[in-house]
Amino acid sequence: RIVVMPTPASVAEGSTAQPQSPGRFIVSMNPILQAVFGVATTGSPDWTTTCTVTEADATMLKMQESSFLGVEGATSLKAEITGKIPELNSAAHYRSARNLMQDLGGALAVKEELIYSGYVSGETSKLTLLDRPMNIFALLSSGKLKQPESESEQDFLGTFKTKFKICRNKLENDINWDNPDMKWVKTASMARAHRFLTTRDLHYQWFNPLVFGLVPAEDDGVNARAALAEVEQMKSAALLFAKNAGWSEKIGLFVNVFGHNNVNSLFIHVLDMAELGPAFSYHSFKNLPLDDVIKVLREEAASNFLPAPVKTTDLPGLLEKAGARRRRDSTIGDNAKTLGNFFFAGTDGATSVKAEIVGRLPIIKDAASFRAARRMLTEELGGMATLKEELNRSGFIDPVTGNLTTGTRPFNVFARIGGGVMAQPGMDKEQEYLQEFKDHFIICSNLPANDEHWDSDDKEWVGKASMSKRHRFLTIKDLHWQWFNVLGFGLLPESKGGAGLGRSIALIEVMKAAALRYTSVCPGWSDRVGLFFHVFGHNSVNSLHLHILDMAELGPTFWHYEYKNCPLDVVLKVLKEEASSNSMGSENYGLMAEVTAAAKAAAAAAEAAVAGNRPSIRMANGVEILNLNVGGELFAVTRGSMLQAPPDSLLYKIFAPESRWLSNLDANQRPYLDYPATAFRYIADHFRLLSQLCPEDVLRPVQVPANQEKQVRELAWILGVEEIVFNPQYGADPTLAKLPPRKWQLCCARRSPVKVSTKAPDPPSSTDSKV
C-alpha cells in the first residue's frame, strides 16, 4: 500500500500553506503522486484510467487533494503512528511513539504534514485559526472563539491564567457523562467533572506531547529540559484549577498523543476521578497520564547533565600537585577573637553572606550564575576575608589551624567524615572502589531512609530523599577552609596560604576522575553518571561534597533541586576562564598546561548544557524569575513585578510575554538589555517594593544620590515609568495585609499614573488607577 506524504519542496513552492489549485498541487508533489495523476496541470484526473493503485487508495488520494475539513484531525503520518502503536497509554508507548516519529522524519516531518493539511502556517510556524480545518482549542486559546460559560472559571487558574486556558466540553456531552448508550460513550465527557487545559502559546511545538522538546532550535524549539519545565507548569495549573474549583482530591490528568488525538492543538484532560463515566473506560487505550509524559521528558533531559569523559594521563602526578600548598597557615582573620559562648547552630549552614547570595542569585546551576556568584563575593561582599570571618564567627573554622571544625556544634557532617571523626557503617567496602584515590577522598552515603525513598513523590520526602536510586557524595580529607566550597576555589591568595587557581582546577579534575573511577568499579552503576556541586548560598553543609548521581534512575528530589545543581564541568569551565585571563606563576602555568587537555571536553560539554537552558524559571507559587544581563551585570527579577508598569510603557512591553526585547541574548544565552545597570537597578528595586505592598499602603518616591539622579530620571523617562518611580504610589497586591504605620513622617500623595496631588491620600477605592 502506498503512503503519500508531502515533500518539503511541495510546501515551499506554494505561497500559502494550502494548495491554490489541483493542478498546482499535483505538479509540486513527489514522483509517486505524479505517477498516479500524470503531469496534467489542468482539470481533474480520470480516476478510472490514471490510477494504478487500489480504489481505496484512489479515494484517499482524492480526499488529500481537496482542502482538509479537519475531521478527527486526519493526516497520513498520524495514521502511521496509530497503525503501529494501537495503544498509547503508558510511558513505554510514549517512548515508542517518539522514536517512531524520529524514524519518520522527526518533528519537522510532523510540521510539514500539519502545514500540508492546513493546521500550521508555514510562515509563522503557529497553529492556524481557520474555519477549515477548525482547530477548536487553538481558536479558544486565541480568543477567536469563546465559551461564555467557562470565562468565570479562568480565575481558578490563578497566576497561570495568562499562560493557559480552561475549556469545557459541549453541554450535551457533559449532561450525558454517565450515559451507557454507545451513542454517547464515544463523545460524552469522561467524568462528571471534566475540563480541558490548553496553552495560549500557538507555536506548533506545543500542539501535542509527541513533539515536546524535539523541535529543532533553529525552528524556535526548546530542548527537553525546557519542555519538561513547561509540562510541569501545565500540571501545576491543572491541579490548581481543580483545587480552586472545589473538586475532590482524586484528580486525573491525561493527554492523547498525536495519532490518537482528535484535535491538532494541545488539550489536557482534567478529570475528577471520584465520579468517572463509561467514556473513560472506552478511551483508556489512548489516555496517557501526564505524569508519564513528565517521566519520559525527565529521562531525555537527564542526558544534558552528563559530564565529559576524563582524559587525564598522569593522575598520580596530578594528585600530588593538587594536594600541595606552599603554606597551610592563613593570615586572614589573624585578629579574629573567640566569641565566647556565641555560636551558630549550623542549621543548613546558615550565615549572613550566604543569605545575600541566595537572595540575589536564587538560581546557580550554570556558568553565568556561577561567574556572578564569584564576582559578587570578590567585588561586593569582601572576598575570602569576609567569607572566612563569617565562617569563623559561626564556628565552622578553627581560628588557630584554619581548618574546618569537626565538633557537633555546628555539626559539619562531611568535615567530620573527612577528618576521621565520624564513620558511616558499611561504607568501608565502597571506599575501596576509589582505588588510588582513596588516600585523598572519602565516599559518603545519604541516610538509609533517604536512599529508600529516592523515588517518592510524597511531600515529606521530596527535597529530603536521595536525588537518584544510586546517590553518593565525594568529600575531601584535606580540611583547610579554602576547600569548604567551590565558590572560593582559587580566590585565596597564595600569600595567605591559598593554593591558587591552577591547583584548584587540578583538584576538581582529580575529584571528577575519582568519582568516575568509583562508579566504574562499584557494581550496579550505569554509564550515565552526573556530577554536581551546590554552590555556597545554596548548600546545606559547609564542607566540600560532590554529588554523584546515576542519571539513569533519577528521583523527584533531583528536579526539586535542579535550580542549584551546578555541574562539575561548569565549575571547571569558569575557573579555567579565570585562569586564562589572570596573571599566574610559572609553576601554575605548568600545571595548567597539564590539565588543559583533560578539561577541553568538559568545557565543551558544559557550554552545550548552558546554551540549552532557558534563562527563566517558574517557582512553585507560579512566580516567574527572569535572569537578565543588563549593561553587563546579572539581574534576577520577577516578570510580575516588572509588569506593574503601565501597559503602554516601554518597560511593560519589554517584560510582556513573548517580548521581542527579551529575544536578544548574550554569549551565555541570557536576555540582554542595553541600559545602565545602576540606573536600572534603582527602577527595578522600586517595582520590587511596590509588589510587596497592599493597595492601602503608600510607597514613597525612589531616593537616588545626587550624582546618579539625572541618569535614573532619564532611564525612567525612556521606559515610561518616571511618574511612578518619582511620585508616591499605592501598593499593588490586594492579597497582602495593611502594614502598621511608619515610625517616621511620610508626606505622600494620592497615587495617580498621570499627576500626583500634594494633599494627603484618600483611602483607595475600587476605581483607583492601578499601576
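Nothing here was measured: the structure is a model prediction, and the numbers come from that model.

Thresholds applied
Residues numbered from 1 in each chain as written. Predicted model: local features only at pLDDT ≥ 70, side-chain atom pairs only at ≥ 80, totals over all residues. Heavy atoms only, no water. Salt bridge = Lys/Arg side-chain N within 4 Å of Asp/Glu carboxyl O. Helix = DSSP H or I, 4+ residues; strand = E, 2+ residues; numbered from the N terminus. Buried < 20%, exposed > 50% of the residue type's maximum accessible area, 1.4 Å probe, protein only. Pairing = 2+ DSSP bridges. Phe/Tyr/Trp six-rings, centres within 6.5 Å; stacked < 30°, edge-to-face > 60°. Lys NZ or Arg CZ within 6 Å of the ring centre and 35° of its normal. Core = buried A, V, L, I, M, F, W, Y, C linked by side-chain atoms within 4.5 Å. pLDDT = per-residue confidence, 0-100. Contact = heavy atoms within 4.5 Å. Expected span 1.5 Å × (residues − 1).

### Topic: the pattern of salt bridges
Moving on, step 1. Scanning all chains against the criterion turns up 31 salt bridges.
Moving on, step 2. With a shortest N-O distance of 3.2 Å, Arg168 and Glu153 are connected by a salt bridge. With Arg168 in strand S1 (residues 164-168) and Glu153 in the loop between helix H8 (136-142) and S1, the pair connects residues that are 15 residues apart, well separated along the chain.
Moving on, step 3. The salt bridge involving Glu380 is made with Arg360; its shortest N-O contact spans 2.5 Å. Of the two residues, Glu380 sits in the loop between helix H16 (367-379) and helix H17 (383-393) while Arg360 sits in helix H15 (residues 352-360), which places them 20 residues apart along the sequence.
Moving on, step 4. Using a relative accessible area of 48% as the deciding quantity, one classes Glu380 as partly exposed.
Moving on, step 5. A single network of salt bridges, built from pairs that share partners, joins Lys469, Arg470, Asp550 and Glu553.

### So, the pairing of strand S13 (residues 633-638)
Moving on, step 1. Bridging between strand S12 (residues 624-630) and S13 involves 6 bridges; their strand directions are antiparallel. Looking at S13, one finds that Val630 is bridged to Glu633.
Moving on, step 2. Here S12 hands over to S13 after 2 residues, with Gly631 in that stretch at a positive phi of 60 degrees.

### Some words on the packing of aromatic side chains
Moving on, step 1. Overall, the coordinates contain 19 aromatic pairs when judged by the stated rule.
Moving on, step 2. With a centroid separation of 5.1 Å and 15 degrees between ring planes, the pair formed by Phe137 and Phe267 is classed as stacked. Of this pair, Phe137 sits in helix H8 while Phe267 sits in the loop between strand S3 (251-255) and strand S4 (268-272), placing them 130 residues apart in sequence. Assigned by exposure class, Phe137 and Phe267 land together as buried.
Moving on, step 3. Judged by centre distance (4.9 Å) and plane angle (90 degrees), the rings of Phe558 and Trp559 are edge-to-face. The exposure classification of Phe558 matches that of Trp559, with both residues buried.
Moving on, step 4. Members of the aromatic cluster, connected to one another through ring pairs, are Phe137, Phe196 and Phe267.
Moving on, step 5. Positioned above the aromatic ring of Trp461 is the side chain of Lys464, whose terminal nitrogen or guanidinium carbon lies 4.7 Å from the ring centre.
Moving on, step 6. Over the face of the ring belonging to Phe726 we find Arg713, whose NZ or CZ atom lies 3.9 Å from the ring centre.

### A short note on the nonpolar core
Moving on, step 1. Counting 67 residues, the largest nonpolar core has Tyr94, Val110, Leu197, Phe212, Met234, Val293 and Phe558 as the members making the most contacts within it.
Moving on, step 2. With 10 residues, the single largest contributor to this core is helix H11 (residues 224-244).
Moving on, step 3. Ile364, Ala367, Met376 and Leu391 belong to the second largest nonpolar core, which has 64 residues in total.

### Focus: the confidence of the model for the chain
Moving on, step 1. Of all residues in the chain, 75% attain a pLDDT of 70 or more, and the chain-wide mean is 79.
Moving on, step 2. Taken element by element, the predicted model of the chain shows its lowest mean pLDDT in helix H2 (residues 22-28) (31) and its highest in S4 (98).
Moving on, step 3. Across residues 1-54, confidence stays below pLDDT 50; counting only partners more than four residues off in sequence or on other chains, it has 71 contacts.
Moving on, step 4. For residues 57-75, every residue scores under 50 in pLDDT, and the model assigns this stretch 46 contacts once sequence neighbours within four places are set aside.

### Notes on helix H23 (residues 568-581)
Quick reminder: α-helices carry 3.6 residues per turn. Residues three or four places apart thus point the same way.
Moving on, step 1. The end-to-end C-alpha distance of H23 is 21 Å, a good match for the 20 Å that 14 residues give at a rise of 1.5 Å each.
Moving on, step 2. Summarising burial for H23: 11 of the 14 residues are buried, a large majority.
Moving on, step 3. Here H23 has its buried residues at Leu568, Asp569, Val570, Val571, Leu572, Lys573, Val574, Leu575, Lys576, Glu578 and Ala579.

### Quick word on the sheet that holds strand S2 (residues 194-199)
Moving on, step 1. One open sheet accounts for 5 strands, arranged S1-S2-S4-S3-S5; its pairing is antiparallel. Taken across any chain shown, the strands that pair with only one partner, and hence form the sheet edges, are S1 and strand S5 (288-289).
Moving on, step 2. Bridge analysis of S3 against S5 gives 2 bridges, and the strand direction is antiparallel. Note on S5: the bridge partner recorded for Val255 is Leu288.

### Topic: the sheet that holds strand S6 (residues 441-445)
Moving on, step 1. Overall, antiparallel pairing links the 5 strands, which are arranged S6-S7-S9-S8-S10 in an open sheet. Lying at the two open borders of the sheet, with one neighbouring strand each, are S6 and strand S10 (566-567).
Moving on, step 2. Here strand S8 (residues 529-533) pairs with S10 via 2 bridges, running antiparallel. Looking at the pairing, Phe533 lines up with Cys566 of S10.

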